Amino acid sequence: MSDAMIRVPAEVRDRLAVIAESHGVSIRSLVQARRASRMVSLRVSCAGLCPVGLS
């Protein structure tokens, strides 16, 4: 997975830091886990509806 830099308001960054710390992970790990779970949800929700190769 390649990295990407995104800008978020300081309040969002600070909130992500609190959540990540409470789970004992970095913000990067927290965001990557969220992305992975969203990709699984997307694949499940479009199963049978996406063209071959996208699901």
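Note that residues are indexed from 1 along each chain, following the sequence as it is written. In keeping with the model being predicted, local features are shown solely for residues with a pLDDT of at least 70 and side-chain atom pairs are shown and tallied solely at 80 or more, while totals for entire chains, interfaces and linings include all residues. For the side-chain quantities, the full set of heavy atoms in the structure was used; hydrogens and water were omitted.

Colleague: Looking at this structure, how should I read the overall build of the chain?
Modeller: The numbering of helices and of strands both runs from the N terminus, where a helix is a DSSP run of H or I of at least 4 residues and a strand a run of E of at least 2. If you tally the helices and strands in the chain, you get two helices and zero strands. Counting all 55 residues of the chain, 5% fall into the buried class. Accessible surface is estimated by sampling points in the Shrake-Rupley manner with a 1.4 Å probe; for residues, cover comes only from the protein chains shown. Accessible area of the chain: about 4,900 Å², with a carbon and sulfur share of 60%. Exposure is judged per residue with a 1.4 Å probe applied to protein chains only, and the accessible area is read against the type maximum: over 50% gives exposed, under 20% gives buried, and values in between give partly exposed.

Colleague: What should I look at first to understand the pattern of salt bridges in this one?
Modeller: Opposite charge on two side chains permits them to pair, given that their charged atoms come into close proximity. Any carboxyl oxygen of Asp or Glu within 4 Å of a side-chain nitrogen of Lys or Arg constitutes a salt bridge here. Tallied over the entire structure, the rule returns one salt bridge. A salt bridge links Asp-14 to Arg-13; its shortest N-O distance comes to 3.0 Å. Classification of Arg-13 as partly exposed rests on a relative accessible area of 43%.

Colleague: Sorry, what's going on with helix 1 (residues 10-23) here?
Modeller: For an α-helix, the turn length of 3.6 residues means that residues three or four places apart are oriented alike. For helix 1, built from 14 residues, the straight-helix expectation of 20 Å at 1.5 Å per residue is met to within 8% by its first-to-last C-alpha distance of 20 Å. Trailing helix 1 by a residue or two, Gly-24 shows a phi angle of about 70°, which is positive. The span expected for a helix works out to 1.5 Å for each residue beyond the first.

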